[in-house]
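Structural overview
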Amino acid sequence: MLMLELTDFSVRYGAVEAVRGLSLEVAEGEAITLIGPNGAGKSSTLKGILGLERSKGVVRYRGQELKKRTPEALAELGLVLVPEKRELFSSMEVEDNLLLGAFTRFRRGEKGLKEDLERVYTLFPRLRERRRQLAGTMSGGEQQMLAIGRALMAKPKLLLLDEPSLGLAPLIVAEIFRILGGLKSQGVTILVVEQNARMALRLADRGYVLEAGELVMQGQASELLHDPRVIESYLGIRAREEMR
Amino acid sequence: MDWTIVSFLAADAVQSGTIYALLALSLVLVFAVTRVILVPLGELLVFAPLTYVFFLPSGVSGLELHGQIPGTAWLSSFLLLVWAVLDRANPSRVARLVVLALLVLGLAWVGARGVAPWLGWILAVLVVLPIGPASYRLFFQPAQNASVLTYLIIAVGLHFAYQGLGLVFFGPEQYRLPPILSGQTNLGMVPINNQAFLVYGFALLTMLGLYLFFTRSLYGKALRACAVNRYGARLLGISPAQAGYVAFGIATLIVTVSGMLLAPLISPAYFQGFLFGLKGFVAGILGGLVSYPLAVLGALAVGGFEQWAGYVSSPFKDALVFALLLPVLLWRSLRSHEIGEEE
């Protein structure tokens, strides 16, 4: 089943069209990445999907066309975003942040929140150590783990991630992507937007390349990883840096 | 000033300070969740006991009302119906709102025909309660993401509207209401009205209740989450609009019950709410409108300062209390940047 399907999708910021005519598919269990340089319209795509920016075109989620979209309604449907700036409840405890991730499930009276909390703590032992600490007092990497853990507490059917590597040290980035890989193998459907194309393509099954608001390439992640144009534009500099 | 005077002033300070504390808590709650400085809370505080007057047997109230339905019931019901029109896209909600509007009128009708005082007491609270959340839907919700200043302007406008309606509904006079507990108890040499203990009890209960709600219940935590990070909350399916209804609802409940308990001590009239609201606001400002404990301490400070000012120069009592704002605002603006305009 297709989890998410964008057809001829465009996003506007005032007079500027940040994304033009994008078509994209995410099937159940897949990990998809949307890569491209800064300002290519990757984050705008996510904001458009969530209804935070004005958009045109068709958004289908699990076969249903969604016309009026708000983040809270989509969260209720199991589509959860881990935002670029994490947007944690910084003056609240780590554990409260996690529990609030399951708010819609709690309201529906679902069982098993305790077990899921345990599962997140097993995934991120660091969070268990710091469960009573205020979220805002943790390091950037820990905050990113909390943001992901919080989203997982919602048991998302589709997990959207906006630049999970942003501002993090390489070792932490590697750990975050290792965990995302683990989630993928557990069957969580993932759409990740990244500037760190190498990490994202290693994780993903398929990738889309966005440039100046337009789709310029798409294909199997393993192929994109070896595509000369992708290497030239997105992997080259990093590759050279790594050689040093 | 000798000890007798000090202890009498202290007793009065605690009484008014407690009411300011209840108002300040409600103001902080509403502000934290919605960024609205809800000036008309003071009006809601007097609306409840004034409505109660209509539900009292004429032998108690001394008035011949002939089963007249109080204007607050019409207002409450009208606001609910407008809410239903605004939310016409959602049929089940429209149905609930219409039923609620009719229920409010029905309860007011029953109350006005004469009921036992305790039942009338509860009915008065129930009739006034919907005005809070409905005001949020009608007047603040349409101005989504407005600045704190815009919200304040709306709130001040609403205060004038509700105060004017209060005059229309209840006239300019003060009403005497029967206390739940009559008589006085002497603490040392200071006599304290037994009714005042109910106010203290309710204040303690409110503080304990809010504390437990915000630290133990996931709903309370969700409300806090909305206050801390609206966008983050929305991404998790916590709707700030719903949080707004809940915040307005809780604040209105606290304030109406406070008003009901306080009424026998102050003989309420339509114009009294504003001063209570404003002093509650001063108290809240002492805590930066973000801290509940500081708001309570601020309220007690305002109560004490007010009694002292009244003793020193009774015509300038209120002016001195509001003058308290200046050093506090200066001090706060120098040391904090907590209340930003950003999300």
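Everything discussed here concerns the structure shown above.
In short, a report on the structure. It should be emphasised that the depicted structure is a prediction, and the values quoted were computed from it without experimental measurement.

1. Here's the deal with the overall build of chain B
Looking only at helices and strands, chain B features 16 helices and two strands. When the backbone C-alpha atoms are referred to their principal axes, chain B occupies close to 65 × 60 × 35 Å. Burial statistics for chain B: of 343 residues in total, 54% are counted as buried. Pairs at least 24 apart in sequence give 74% of the contacts found in chain B among residues at least 6 apart. When the accessible surface of chain B is split by element, carbon and sulfur atoms take 69% of a total near 15,000 Å².

2. Notes on the packing of helix α5 (residues 91-112) of chain B against helix α6 (residues 117-128) of chain B
Residue and element names in this part refer to chain B. Two numbers describe how α5 lies on α6: the axes approach to 10 Å, and their chain directions differ by 150 degrees. Considering the angle they form, α5 stands roughly antiparallel to α6. Crossing hand, α5 versus α6: left-handed. Facing Val104, Leu107, Ala108 and Gly111 of α5, the residues of α6 in contact are Leu123, Leu126 and Val127. A per-class count over the contact of α5 with α6 returns six nonpolar, one polar and no charged.

3. Considering the pairing of strand β10 (residues 214-220) of chain A
Residues in a regular strand project their side chains so that they alternate between the two faces of the sheet. All names here are of chain A. With six bridges joining them, strand β9 (residues 206-211) and β10 adopt antiparallel strand pairing. Bridge assignment links Glu211 to a residue of β10, and that residue is Glu214. The turn joining β9 and β10, which pair antiparallel and follow one another in sequence, is formed by two residues; a positive phi near 45 degrees is taken by Ala212.

4. Focus on the environment of A:Arg150
Note on placement: A:Arg150 falls in helix α7 (residues 140-152). Under the relative-accessibility criterion, A:Arg150 is labelled buried at 2%. Note: C-alpha distance between A:Arg150 and A:Leu235 (85 residues apart in sequence) is 31 Å. Dropping the residues within four chain positions of it, A:Arg150 is found in contact with A:Arg86, A:Glu87, A:Leu88, A:Phe89, A:Asn97, A:Leu98, A:Gly101, B:Gly232 and B:Leu236. Polar contacts involving the side chain of A:Arg150 include one to the main-chain carbonyl oxygen of A:Glu87, which spans 3.0 Å.

What counts and what doesn't
Residues numbered from 1 in each chain as written. Chains lettered and ligands numbered in written order. Predicted model: local features only at pLDDT ≥ 70, side-chain atom pairs only at ≥ 80, totals over all residues. Heavy atoms only, no water. Helix = DSSP H or I, 4+ residues; strand = E, 2+ residues; numbered from the N terminus. Buried < 20%, exposed > 50% of the residue type's maximum accessible area, 1.4 Å probe, protein only. Contact = heavy atoms within 4.5 Å. Areas by Shrake-Rupley, 256 points an atom, 1.4 Å probe, with all protein chains shown as cover. Axes fitted to C-alpha atoms, helices over the stretch in contact; angles between N-to-C directions. Parallel < 35°, antiparallel > 145°, perpendicular 65-115°, else oblique. Left-handed = near helix turned anticlockwise from the far one by under 90°. Nonpolar A, V, L, I, M, F, W, Y, C, P; charged D, E, K, R; others polar. Pairing = 2+ DSSP bridges. Polar contact = N/O pair within 3.5 Å; in protein donor to acceptor, adjacent residues only side chain to side chain.

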